[in-house]
Amino acid sequence: MATQREEDAAEYLKKHNIIELLDNLSCMLFFHRPEKPREFLIEQLEQLKLSQQTGMKGPNVFNNANLDAVFGILDPTNQKHITFTQYKQALMTLGIKDINECPDGANEDRISHETFKTEAMQGLQRCSATYEQL
């Protein structure tokens, strides 16, 4: 059984999304492997703060090229669309938990490349926004 101090610490970490913040920072650090990691982390935190204040895109490991590659894997015959099931699974694989269940094309079971990229980028942005909205 956890002590009161441990429960308080866990509640604090959860309330302030500290685990998610550190996960995101660690992931970016390992992905980019900068020569000056402390400066890199400070820069990422500054970008995150700017993102919170302005609503601009914050730091993220994935870019458009990465999302194009994911879509290409899901659409090897270049049909320019994927199924809703593929869309949902891909977003979950990218770590996106709050998935739009009704994106453009869902009713036809044909999610376009652009819809996939838009939904993925928005979902990734929500995931990396480990702060409270102002």
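About the criteria used
Residues numbered from 1 in each chain as written. Predicted model: local features only at pLDDT ≥ 70, side-chain atom pairs only at ≥ 80, totals over all residues. Heavy atoms only, no water. Salt bridge = Lys/Arg side-chain N within 4 Å of Asp/Glu carboxyl O. Helix = DSSP H or I, 4+ residues; strand = E, 2+ residues; numbered from the N terminus. Buried < 20%, exposed > 50% of the residue type's maximum accessible area, 1.4 Å probe, protein only.

- Under an unreviewed UniProt entry, the name given to the protein is EFCAB10 C-terminal EF-hand domain-containing protein, and the organism recorded is Pagothenia borchgrevinki.

## Concerning the pattern of salt bridges
Pairing of side chains with opposite charge becomes possible as their charged atoms draw close.
Reasoning step 1: Taken as a whole, this structure holds two salt bridges when the rule is applied.
Reasoning step 2: Among the salt bridges present, the one from Lys117 reaches Asp68, with a minimum N-O distance of 3.1 Å. Pair noted here: Lys117 is in helix H6 (residues 113-128) and Asp68 is in helix H4 (residues 64-74), with a separation of 49 residues, a long-range link.
Reasoning step 3: Its relative accessible area of 14% is what places Lys117 among the buried residues.
Reasoning step 4: Take Asp68: its relative accessible area is 31%, and that puts it in the partly exposed class.
Reasoning step 5: Between Glu101 and Lys88 there is a salt bridge whose closest N-O contact spans 3.4 Å. Residue Glu101 is located in the loop between helix H5 (84-93) and strand E2 (111-112), and its partner Lys88 is located in helix H5; the two are separated by 13 residues in the primary sequence.

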